[in-house]
Amino acid sequence: MAVEAQVPYQEAIEVHHPHSWVTKYWFSQDHKVIAIQYGITAIGVGLVALVLSALMRLQLGFPDTFDFIDPEAYYQFITMHGMIMVIYLLTALLLGGFGNYLIPLMCGARDMVFPFVNMISYHVYFLSVIVLLASYFVPGGPTGAGWTLYPPQAILEGTPGVDWGILTMLGSLAIFIVAFTMGGLNYVTTILQARTRGMTLMRMPLSVWGIFIATVLGLLAFPALFVSAIMMLLDKTIGTSFFMPAISSMGETLDYSGGSPLLFQHLFWFFGHPEVYIVALPAFGIVSDLISTHARKNIFGYRMMVWAIVAIGVLSFIVWAHHMYVSGMHPWFGFFFATTTLIIAVPTAIKVYNWTLTLWRANIHLTVPMLFAIAFVITFVMGGITGLFLGNVIVDVPLSDTYFVVAHFHMVMGVSPILVIFGAIYHWYPKMTGKMLNDTLGHIHFWVTFLGTYIIYYPMHYLGFVGVPRRYFANGEMAIIDSSVEMLNQTITVAALIVGIFQAVFIWNLIYSYFRGKDSGHNPWKATTLEWQTPETPPRHGNWEDKKLPTVHRWAYDYSVPGEEDDFVPQTVPQKAVQAEPQSAT
Amino acid sequence: MAEATGWRNLQVVDDWAADVEVFRGVPWGKAMMWIFLLSDTFIFTCFLTAYMTVRMTTAEPWPNPSEVFALEAFGVPVPLLLIAIMTFILITSSGTMAMAVNMGYRRRRGPAALLMVITALLGASFVGMQAFEWTKLITDEGVRPWGNPMGAPQFGSTFFMITGFHGLHVSAGVVYLAVVAWRVWRGRYEKQGYDIVEITGLYWHFVDLVWVFIFAFFYLW
Amino acid sequence: MAADTGQQHPISVYFWIWALLFVFSAASYTVDYIGFQGYMRWALIIIFMMLKAGFIVAIFMHMRWERVALITAILVPPGALLVLVALMAMESDYTWATRILYFGEDPAPVPLPPPSH
Ligand code: HEM
Ligand SMILES: [Cu+2]
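About the thresholds
- Position labels on residues start from 1 in each chain and follow its written sequence.
- Written order determines the labels here, with chains lettered from A and ligands numbered from 1.
- Reporting in this predicted model follows two pLDDT cut-offs: at least 70 for local features of residues, and 80 or more for side-chain atom pairs to be given and counted; totals over whole chains, interfaces and linings ignore these cut-offs and use all residues.
- Side-chain descriptors were evaluated using all non-hydrogen atoms of the structure, hydrogens and water having been removed beforehand.
- Helix and strand labels come from DSSP, where a helix needs a run of H or I of at least four residues and a strand needs a run of E of at least two; each type is numbered from the N terminus.
- With C-alpha atoms as the basis for the radius of gyration, the globule rule is written as 2.2 Å multiplied by the number of residues raised to the power 0.38.
- Burial classes: relative accessible area under 20% of the type maximum marks a residue as buried, over 50% as exposed, and values in between as partly exposed (1.4 Å probe, protein chains only).
- Whether two residues are in contact is decided by their heavy atoms, any of which lying within 4.5 Å being enough.
- Computed by Shrake-Rupley with a 1.4 Å probe, the accessible areas treat only the displayed protein chains as cover when residues are assessed.
- Counted charges follow a simple rule, with Lys and Arg positive, Asp and Glu negative, and His plus the chain ends left uncounted.
- To locate a charge, take atom NZ for lysine, CZ for arginine, CG for aspartate or CD for glutamate.
- Whether two aromatic rings pair depends on their centres lying within 6.5 Å, for rings of Phe, Tyr and Trp, where Trp uses its six-membered ring; planes under 30 degrees apart make the pair stacked, over 60 edge-to-face, and the rest tilted.
- Criterion for a salt bridge: a side-chain nitrogen of Lys or Arg within 4 Å of a carboxyl oxygen of Asp or Glu.
- Here the coordinating atoms are restricted to nitrogen, oxygen and sulfur within 2.8 Å of the metal centre, or 3.2 Å for Na, K and Ca, and because water is not among them the sites may look incomplete.
- Note on terminology: near, applied to a residue and a molecule or strand, indicates that one of the residue's heavy atoms is within 4 Å of it.
- The term polar contact refers here to a pair of N or O atoms within 3.5 Å; inside protein, the definition further demands a hydrogen-donor-capable atom paired with an acceptor-capable atom, and it admits residues adjacent in sequence only when both atoms are side-chain atoms.
- Side-chain classes are defined by residue name, with Ala, Val, Leu, Ile, Met, Phe, Trp, Tyr, Cys and Pro counting as nonpolar, Asp, Glu, Lys and Arg as charged, and the others, Gly among them, as polar.
- Nine residue types can take part in a nonpolar core, namely buried Ala, Val, Leu, Ile, Met, Phe, Trp, Tyr and Cys, and a core is a set of them joined through side-chain atoms within 4.5 Å.
- Domain extents, as shown, originate in an automatic or database domain assignment.
- Labels for metal geometry use angle windows, namely 85 to 135 degrees for all angles of a four-donor tetrahedral site, and for square planar (four donors) or octahedral (six donors) sites opposite donors over 155 degrees apart plus all others within 65 to 115; sites meeting none of these are irregular.
- A helix is expected to span 1.5 Å for every residue after the first.
- What gets called buried area is simply the loss in accessible area from a 1.4 Å probe that two parts show on being joined, summed for both.
- Orientation is described by axes fitted as lines to C-alpha atoms, over the contacting stretch for helices, and by angles from 0 to 180 degrees between their N-to-C directions.
- Oblique is the label for any angle not under 35 degrees, not over 145, and not in the 65 to 115 range, which are roughly parallel, roughly antiparallel and roughly perpendicular in turn.
- A clockwise turn of the near helix away from the far one marks a right-handed crossing, whereas an anticlockwise turn of less than a right angle marks a left-handed crossing.
- Within this analysis, patches are made of residues with over 30% relative accessible area and no salt bridge. Like charges are joined at 9 Å or less; nonpolar side chains (Val, Leu, Ile, Met, Phe, Trp, Tyr) at 5 Å or less.

Participant: Which parts of the structure should I look at to understand the overall build of chain B?
Facilitator: Scanning chain B for helices and strands turns up seven helices and two strands. Counting from the amino terminus, chain B carries its helices and strands in the arrangement α-α-α-β-β-α-α-α-α. For 221 residues, the compact-globule estimate of 2.2 N^0.38 gives 17 Å, and chain B exceeds it by more than 25% at 22 Å. Expressed as lengths along the three principal axes of its C-alpha atoms, the size of chain B is roughly 70 × 45 × 25 Å. Counting over 221 residues, chain B shows a buried share of 64%. The long-range share in chain B, meaning contacts at least 24 apart out of those at least 6 apart in sequence, stands at 71%. Split by element, the accessible area of chain B, about 7,900 Å² in all, is 68% carbon and sulfur. Computed over 14 positive and 16 negative side-chain charges, the separation of the two mean positions in chain B equals 12 Å.

Participant: Would you mind going over the packing of aromatic side chains with me for this structure?
Facilitator: Aromatic ring pairs are described here by two measures, namely the spacing of the ring centres and the angle between the planes. Under the definition given, this model contains 83 aromatic pairs over all chains. Residues Phe446 of chain A and Trp447 of chain A carry aromatic rings whose centres are separated by 4.8 Å and whose planes lie at 75° to one another, so their mutual orientation is edge-to-face. With 5.6 Å between their ring centres and 20° between their planes, Phe15 of chain C and Trp18 of chain C make a pair best called stacked. With Phe15 of chain C and Trp18 of chain C both in helix H1 (residues 11–34), this residue pair falls three residues apart, about one helical turn. When its relative accessible area of 43% is taken as the criterion, Phe15 of chain C is described as partly exposed.

Participant: Can you walk me through the pattern of salt bridges in this structure?
Facilitator: Charged atoms that come close allow side chains of opposite charge to pair. For the structure on display, the rule yields 14 salt bridges over all chains. Linking Asp546 of chain A and Arg540 of chain A is a salt bridge whose minimum nitrogen-to-oxygen distance equals 3.9 Å. For Asp546 of chain A, a relative accessible area of 55% gives the class exposed. Under the relative-accessibility criterion, Arg540 of chain A is labelled partly exposed at 27%. Among the charged side chains, a network of salt bridges with common partners joins Asp14, Asp15 and Arg24 of chain B together with Arg67 of chain C.

Participant: How should unusual backbone geometry be read in this particular structure?
Facilitator: Leaving glycine aside, a negative phi is the common case for residues, and trans is the common case for peptide bonds. All names here are of chain A. Here Pro151 and Pro152 are connected by a cis peptide whose omega angle stands at 5°. Residue Pro538 follows Thr537 across a cis peptide bond; omega there is -10°. In the Ramachandran plot, Lys526 falls in the positive-phi region, its phi being about 50° despite a non-glycine side chain. Locating Lys526 in the fold gives a position in the segment after helix H14 (484–516).

Participant: Please clarify how the coordination of the copper ion (ligand 2) should be interpreted in this entry.
Facilitator: In a perfect tetrahedron of four donors around a metal, the angles come out at 109.5 degrees. In a perfect octahedron of six, they are 90 or 180 degrees. Residue and element names in this part refer to chain A. Bound to the copper ion (ligand 2) are the protein donor atoms His273 (ND1), His322 (NE2) and His323 (NE2), situated 1.7 to 2.0 Å from the metal. In primary-sequence terms, the residues that donate to the copper ion (ligand 2) follow H-x48-H-H. On the accessibility criterion, His322 (13% relative accessible area) is buried. When its relative accessible area of 30% is taken as the criterion, His323 is described as partly exposed.

Participant: What exactly am I supposed to notice about the site of ligand 1 here?
Facilitator: Residues and elements named next belong to chain A. Of all residues adjacent to ligand 1, which total 24 residues, the nearest are Tyr74, His81, Trp147, His410 and Arg471. At 2.8 Å, a side-chain N or O of Tyr74 approaches an oxygen atom of ligand 1. At 2.8 Å from a nitrogen atom of ligand 1 is found a side-chain nitrogen or oxygen belonging to His81. Secondary-structure elements contributing two or more residues to the shell around ligand 1 are helix H2 (31–61), helix H3 (71–107) and helix H12 (403–433). The residue inventory of the shell around ligand 1, partitioned by class, reads 15 nonpolar, six polar and three charged.

Participant: Even after reading the chapter, I still don't get the side chain of Gln571 of chain A, so can you show me in this structure?
Facilitator: All names here are of chain A. Relative to the helices and strands, Gln571 resides in the segment after H14. For Gln571, a relative accessible area of 0% corresponds to the buried category. In terms of polar contacts, Gln571 uses its side chain to reach the backbone carbonyl oxygen of Arg554, at 3.2 Å. Residues in contact with Gln571, not counting those within four places in the same chain, are Met199, Arg203, Pro205, Thr528, Thr529, Leu530, Thr551, Val552, His553, Arg554, Trp555 and Ala556.

Participant: How should I be thinking about the nonpolar core in this particular structure?
Facilitator: One recurring pattern in soluble globular proteins is that nonpolar side chains are buried together. Residues Tyr88, Phe98, Tyr125 and Trp355 of chain A are the most contacted members of the largest nonpolar core, which totals 302 residues. Sort the elements by how many residues they give to this core and H3 of chain A lands first, with 24 residues. A domain-level breakdown of this core finds at least three residues from each of domain 1 (10–65) and domain 2 (67–104) of chain C. If we skip the residues at most four places from it in the chain, Phe98 of chain A touches Leu93, Ile103, Ile211, Ile286, Ile421, Ala424, Ile425, Trp428 and Met432 of chain A.

Participant: Please clarify how the coordination of the iron atom of ligand 1 should be interpreted in this entry.
Facilitator: All names here are of chain A. Coordination of the iron atom of ligand 1 by the protein involves His81 (NE2) and His410 (NE2), with metal-donor separations of 2.0 Å. Geometry at the iron atom of ligand 1 is octahedral, judged from the six donor atoms that bind it and their angles of 86 to 179° at the metal. Here the residue His81 occupies a position in helix H3, and His410 occupies one in helix H12, the gap between them amounting to 329 residues. On the basis of relative accessibility, which here comes to 13%, the residue His81 falls in the buried class. In this structure His410 comes out as buried when scored by relative accessible area, which is 16%.

Participant: For this particular structure, what's the right way to read the environment of Leu48 of chain B?
Facilitator: Residue and element names in this part refer to chain B. Topologically, Leu48 is positioned in helix H2 (residues 28–57). Take Leu48: its relative accessible area is 16%, and that puts it in the buried class. The spacing of Leu48 and Leu202 is 154 residues in sequence and 21 Å in space, taken between C-alpha atoms. When neighbours within four sequence positions are excluded, Leu48 is seen to be in contact with Ile162 and Phe213.

Participant: Just checking my understanding: could you explain helix H10 (residues 368–391) of chain A for this structure?
Facilitator: Along an α-helix, a turn takes 3.6 residues, which lines up residues three or four apart on a common side. With 24 residues, H10 of chain A extends 34 Å between its outermost C-alpha atoms, agreeing within 8% with the 34 Å of an ideal straight helix rising 1.5 Å per residue. The element H10 of chain A is extensively covered by neighbouring structure, given that 17 of its 24 residues are classed as buried.

Participant: Explain the interface of chain A and chain C to me, please; I cannot follow it from the model alone.
Facilitator: The extent of an interface is frequently quoted as the accessible surface area lost upon association of the parts. The interface is formed by 22 residues belonging to chain A together with 15 residues belonging to chain C. Interface area for chain A against chain C, summed over the two sides, is near 1,500 Å², with a carbon-plus-sulfur share of 76%. Counting across the interface, chain A meets chain C through zero salt bridges. Counting every contact that joins chain A to chain C gives four residue pairs in polar contact (both at pLDDT 80 or more). Every element with two or more residues in the side of chain A that touches chain C is listed here: helix H7 (261–294) and helix H9 (333–359) of chain A. Top element by residues in the side of chain A that touches chain C is H7 of chain A. It accounts for four residues.

Participant: Teacher, can you tell me more about the interface of chain C and chain B here?
Facilitator: Facing the 53 residues of chain C at the interface are 64 residues of chain B. Carbon and sulfur atoms supply 75% of the area that chain C and chain B bury against each other, a total of about 5,200 Å² over both sides. Three residues stand out in chain C for area buried against chain B, namely Tyr29, Met61 and Arg67 of chain C, and they jointly supply 13% of the buried area on that side. For the interface between chain C and chain B, the tally reads two salt bridges. For Arg67 of chain C, the salt bridge identified is with Asp15 of chain B, shortest N-O distance 2.7 Å.

Participant: What is the right way to read the side chain of Glu531 of chain A from this model?
Facilitator: Residue and element names in this part refer to chain A. Relative to the assigned elements, Glu531 resides in the segment after H14. Lys431 provides the closest opposite charge to the buried, unpaired Glu531, separated from it by 7.9 Å. Within the structure, Glu531 has its side chain in polar contact with the side chain of Trp532 (distance 2.9 Å). Not counting residues up to four positions away in its chain, the partners in contact with Glu531 are Leu105, Met106, Trp428 and Lys431.

Participant: Looking at this model, I keep getting lost on the packing of helix H13 (residues 439–465) of chain A against H14 of chain A. Mind explaining?
Facilitator: Geometry of a packed helix pair, given as the angle between the helix axes and the separation of the axes. Residues and elements named next belong to chain A. The geometry of H13 relative to H14 is characterised by a closest axis approach of 9 Å and an angle of 155° between their N-to-C directions. Classified by the angle their axes make, H13 and H14 are roughly antiparallel. The two elements H13 and H14 meet at a crossing, and its hand is left-handed. Across the contact of H13 with H14, the residue classes tally to 20 nonpolar, 10 polar and no charged.

Participant: Before we go on, may I ask you to explain a nonpolar patch on the surface in this structure?
Facilitator: All names here are of chain A. A contiguous nonpolar patch, built from Leu342, Val381, Ile385, Leu388, Phe389, Ile394, Val395 and Phe465 and spanning about 690 Å² of accessible area, is present on the exposed surface. Mapped by element, the contributors of at least two residues to the nonpolar patch are H10 and helix H11 (393–399). Residue contributions to the nonpolar patch peak at four residues, all from H10. With respect to the helices and strands, the residue Leu388 is situated in helix H10.

Participant: Is there a simple way to explain a negative patch on the surface in this structure?
Facilitator: Residue and element names in this part refer to chain A. Residues Glu157, Asp163, Glu252 and Asp255 make up a contiguous surface patch of negative charge. Here Asp255 is to be found in the loop between strand E2 (252–253) and H7. Judged by its relative accessible area of 77%, Asp255 falls in the exposed class.

What follows is the structure, encoded as structure tokens:
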């Protein structure tokens, strides 16, 4: 069944160049424009979440000071903050933003396979954001059920936003999933079917690998969220009892009976755990490329890195109930899920070793992207280690629902991916705009963010140990709570405010450099991957010259190769004759 | 590759190791449809798992589907009569769809379009019967999504949700088929080829496939 | 893509499968009609279901003629669902047991152990 080596179809495709402003910047089918649209929307809504976290911190640091923050408002902040950060910022930015930008460029394609669907994907995402933010304008405000939205409480009186907020939230999630599916199908198909000549899977940069597997996880995990959102909507609106047991609320017996709240938790975490890796894997991939490029050294153990990403992706579907140790589930599950959870730590640890070994005796350039990359490795190790604590049932039971958990997940899925996103923006901004970001502002931004997050999250581990519960509006005079807590909470709040305000430096840098930044040239970091070899910067619609796609001759990590003139060899440079490898694949 | 040894001898490894594309010769649209169906499989399985869970956990009796869905024929109640007919209709529509794909690849666009239209009509009649079934269930048996006189309220909830979601898929498929059939008829695919018929077919067979599982798990359990 | 690379198979194959699907559907219907119960019922229903599903995927959807790369890519991931289903089945048994224990009427009551906490 031999099939001749394919000519990339995209070689011959003529891209249709739009002319009006609307088709160029709003209804554009160019993956780069769509990426930037995703990026701006995600960062915009992320700033909302940042403000919400600042408000929460104000309340926690200085209780009884701010009249407008009552318990209801606090729960609404917490829910919107968590959901926005995880879904509408991180997932959208890493996959919709970086996925869109990098996949075609790094694979040597002209665009995504179905640019029209890709365009719709963004607009549906935009709609989901509007619906989400509309929560703040409906009667009763957004839901305060926590980002996990556990029923029964999520749809019962007493939870803020029970009339409208929960509906907009669930509706928005369903819309988001539709948007993600349209984008995700494109990313996966492009990677599998539309690479350029010579670009085998095992020559793809790890960024693409991370985004690829994360997208696959998304396509397989979001269905569980979709299904649970629909069932909860039905429970709420027409009174079915999927998740609702017989229950009486506020002295009144409700009409529900026989549903299973545990079912929701299982479905939610069947989505929720892979979701953690949906934001982690792209970050893993991107950081590998940042480290390798800025350390002028090939990534250590490329194949191992790829297989680790794949293994993590597979395993992430069988660890979900480690979020449910205290839920009253089947008593045998603790053993099963603790075991799988500890197994998944193995490929994860391999990745950390490989990053470290890549840095080992490398020619490290402490550029801003590199600083963020190193900060990521450190932070990820911190969060990963506390993860091992929480993966064990016995240790988790007392720590569950304390600030230890808050510290853990912020380290591992909050701060870590955010650091990589920052690093990645500093790294790829020159390609997106043709301008360098300002270095001094970058350094200020880095140090404040990095040190600040440690002042914020380090003490939270301690708070958790002394028993400060998660999702509490105020601790009041609880006897179990140590007197040190108050002072720490104030410190954390001050640090959080400073970090939050200093993000303005970053935003300013993005705007300022766009107009006044130094010209970057095509390849300011002397990187090997394809996106840096485009004939124009920023690359035009269609990315490469007409009728000609690049040909790939080597992997993405030829840095400091002995005997080469430069300390990097782009993927498009043929192997020297002596070491030539057979080119035809069949 | 002359010196291919060991691993690389396996076609599947060779395909995954190739440049340009993994699924050789598979058009983009078809690859994308397959991946979409994979994702949709997860949606339906989550629905069915939820159904299994509520059914297994309920402490109330579960109405016997073969009685609830019985129809009078010649004066005797025949269990699951309508469901059996619906099943046969959907299978038949899968058969006509498969033949439409075949005709498309033979570039006989008239028969291809005709077979697709027949498929769509069969699909529409399926939806029609489903509407009848729902009506009967609601008006005669008093089944509602939130309760029913025969036992566990989840009987109605899961029934309406799962068959409803499946019915939406069928309805969407009917529209999809109609649009593609029209375009085939007009000769729109003469240049680029008739993969599109196969892609539409994949979707349609998938809808049939889901019904196989619903039939077994909902009606026969 | 050239059009003639598509899936082309003799029409008779489709008629065969069509007939088989009818037969299996009728067979699983008969299982219900006769009223088999217990393991027998489950075994038969699941066998017929898998046969039908298998033929639809293999022949109508042409999976049988696809290259192994596509087959694996589509058929392996649903393995995760099997884990979900299996564990949820266990979980449901457990939930049911606790419901009977705390709220239900057990046909053969055993005295509860005294509460330990
Ligand atoms: C400066 C940055 C941030 C600050 C100051 C912050 C602060 C907070 C605070 C105070 C809470 C409530 C904890 C409680 O009372 O139990 C919280 C919850 C949460 N945060 Fe953040 N956060 C930040 C960034 C992020 C990021 C980047 C993520 C992305 C994953 C994130 C995800 C979450 C989640 C998922 C929750 C849980 C919400 C819930 O319990 O329903 N946060 N955060
Ligand atoms: Cu998890």
